[in-house]
Amino acid sequence: MGLESWMGDGYIATKIEDVLNWCRKNSLYPSPMGISCCAIEMMAAAGPRFDIARFGSEVMRFTPRQCDVMIVAGTTTFKMAKVVRKIYDQMPEPKWVIAMGACTSSGGMYRTYSVVQGIDQFLPVDVYVAGCPPRPDNLLHALMLLQEKVQRGESKGMAPAFIGDFHGSRGSNSVSK
Ligand code: SF4
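Asker: Would you explain the packing of helix H2 (residues 16-25) against helix H6 (residues 136-151) in this entry?
Answerer: Two packed helices can be described by the angle between their axes and the distance between those axes. For the pair H2 and H6, interaxial distance at closest approach is 8 Å and the crossing angle is 160 degrees. As far as their axial angle goes, H6 and H2 are roughly antiparallel. Regarding H2 and H6, the two cross each other, and that crossing is right-handed. Between H2 and H6, the contacting residues are Asp18, Asn21, Trp22, Arg24 and Lys25 on the first element and Gln147, Val150 and Gln151 on the second. The residue inventory of the contact of H2 with H6, partitioned by class, reads 2 nonpolar, 3 polar and 3 charged.

Okay, structure coming up:
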């Protein structure tokens, strides 16, 4: 059955990177950064109806050192952004980021001085999820897109540690480490 019958007496030639990336993409441990209402949909994705375990990502870790992908779900204020960035920095490489929902991706309806207008101002985002709130299926779709990136060996987390405006041009609201 399975691989043995498919291969017969043949063999497979591949690269070690491809095997590692295949293992990685099927065991992405999320860091659930649930900041506000979108987090409820993220929790639903882990339940039996949507069953994120089908993608090997049911192991939500609350310590950054055991996580591969940060799922930021919710309205991110400048005050909170510093905390999110610090937790991201504590994750080992390679690492990835999913921005879940309108608020996380663009500030959403909150065009105010206190809300970051998109977490890509302080994090290297790999996949954005549209919606307010996005359905759990949307998050699963984002995870599948991310798996394709992982298989290709792409990670924006390898990029420079700081992106966006970190150095004070926004005065007291600028995000710093
Ligand atoms: S996108 Fe909508 S559901 Fe998600 S955090 Fe913003 S207001 Fe809440």
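Asker: Teacher, can you tell me more about a nonpolar patch on the surface here?
Answerer: A cluster of nonpolar side chains, Leu3, Trp6 and Ile12, forms an exposed patch at the surface whose accessible area comes to about 390 Å². Topologically, Leu3 is positioned in helix H1 (residues 3-7).

Asker: I'm lost on the site of the ligand in this one. Help?
Answerer: Near the ligand the following residues occur: Ser36, Cys37, Cys38, Gly74, Thr75, Ala102, Cys103, Met109, Gly131, Cys132 and Pro133. A per-class count over the shell around the ligand returns 7 nonpolar, 4 polar and no charged.

Asker: Explain the sheet that holds strand E2 (residues 69-73) here, please?
Answerer: Two pairing modes exist for strands in a sheet, parallel and antiparallel, and in both the strands are linked by backbone hydrogen bonds. Within the open sheet, the 4 strands sit side by side as E1-E2-E3-E4. Their pairing is parallel. The sheet is open, and its two edges are formed by strand E1 (30-34) and strand E4 (127-129), each paired on a single side. Taking the axes of each pair of neighbouring strands and ignoring which way they run, one obtains an average angle of 15 degrees across the sheet. Judged from the 5 bridges that link them, E2 and strand E3 (residues 96-100) form a sheet pairing that is parallel. By the bridge assignment for E3, Ile71 is matched with Ile98. This element, helix H4 (residues 78-90), spans E1, E2 and E3 of the sheet and lies at about 165 degrees to E2.

The rules behind the values
- Residues numbered from 1 in each chain as written.
- Predicted model: local features only at pLDDT ≥ 70, side-chain atom pairs only at ≥ 80, totals over all residues.
- Heavy atoms only, no water.
- Axes fitted to C-alpha atoms, helices over the stretch in contact; angles between N-to-C directions.
- Helix = DSSP H or I, 4+ residues; strand = E, 2+ residues; numbered from the N terminus.
- Parallel < 35°, antiparallel > 145°, perpendicular 65-115°, else oblique.
- Left-handed = near helix turned anticlockwise from the far one by under 90°.
- Contact = heavy atoms within 4.5 Å.
- Nonpolar A, V, L, I, M, F, W, Y, C, P; charged D, E, K, R; others polar.
- Patch = residues over 30% accessible without salt bridge, like charges linked within 9 Å, V, L, I, M, F, W, Y side chains within 5 Å.
- Areas by Shrake-Rupley, 256 points an atom, 1.4 Å probe, with all protein chains shown as cover.
- Salt bridge = Lys/Arg side-chain N within 4 Å of Asp/Glu carboxyl O.
- Near = heavy atom within 4 Å.
- Pairing = 2+ DSSP bridges.

Taken by themselves, the reported measurements are silent on function.
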